[in-house]
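Understanding the architecture of this molecule
So the chains spell out like this:
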Amino acid sequence: MQSLKVKIINDSGYDLPAYETPSAAGMDVRAAIKEPIVLQSLDRVLIPTGLRVQLPQGHEMQIRPRSGLALRHGISIVNTPGTVDADFRGEIKVVVINLSKEPFVINPGERICQMVITTYTHVEWEPVREIDHTVRGDQGFGHTGTD
């Protein structure tokens, strides 16, 4: 497992995002809000994190839902995964949605999502008239006959 130094400004008033277990890929991120926010069924809200980062070139940050919040409360991220590009310098904010039928309260400092930092590749397109054939071909959704 590699380590990567990332510059971060933390104006949240909470601890920096951290890995909860030694093999975790994602770090939990907390809501940097002053008052609880009641999120009604199917409502969405932009939650500040108080975090700004300087990612190295060739890296991105993905903002993903927390599985426990999704399972137990129907809380997710609208644009999942959200992407934070290496040249973005603003505060990281998260678009949270309540997909359940019950209101959900987001409290100050609550862990609302997780972030994963990963590398990416830029593509150089090579326009052609044909691409290689495969056994699968153009068979898409449901092509294996299983759910």
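Let me begin by describing the structure that accompanies this report. (Residues numbered from 1 in each chain as written. Predicted model: local features only at pLDDT ≥ 70, side-chain atom pairs only at ≥ 80, totals over all residues. Heavy atoms only, no water.)

With that settled, the discussion passes to the side chain of Glu 60. In this fold, Glu 60 is placed in strand β7 (residues 59–64). Notably, Glu 60 is buried but unbridged: the nearest opposite-charge side chain belongs to Arg 64, and the N-O separation is 6.9 Å. In this structure the side chain of Glu 60 is engaged in a polar contact, spanning 2.9 Å, whose partner is the side chain of Gln 62. (Helix = DSSP H or I, 4+ residues; strand = E, 2+ residues; numbered from the N terminus. Buried < 20%, exposed > 50% of the residue type's maximum accessible area, 1.4 Å probe, protein only. Lys, Arg positive; Asp, Glu negative; His and termini not counted. Salt bridge = Lys/Arg side-chain N within 4 Å of Asp/Glu carboxyl O. Polar contact = N/O pair within 3.5 Å; in protein donor to acceptor, adjacent residues only side chain to side chain.)

As a further point, take unusual backbone geometry. What is expected of a backbone is that most residues other than glycine have negative phi and most peptide bonds are trans. Across the junction of Thr 80 and Pro 81, the peptide omega takes the value -10°, indicating a cis bond. Among the secondary structure elements, Pro 81 is positioned in the loop between β8 (75–77) and β9 (82–84). One non-glycine residue, Leu 42, lies in the positive phi region at around 65°. Position of Leu 42 among the secondary structure elements: in the loop between β4 (37–39) and β5 (44–48).

This next bit is on the side chain of Asn 98. Looking at where Asn 98 falls in the secondary structure, it is placed in strand β10 (residues 93–98). In this structure Asn 98 comes out as buried when scored by relative accessible area, which is 0%. Among the polar contacts listed, one links the side chain of Asn 98 to the backbone oxygen of Gln 40, at a separation of 3.5 Å. If near-sequence neighbours (up to four positions away) are discounted, Asn 98 is found in contact with Leu 39, Gln 40, Ser 41, Leu 42, Asp 43, His 73, Gly 74, Ile 75, Pro 103 and Phe 104. (Contact = heavy atoms within 4.5 Å.)

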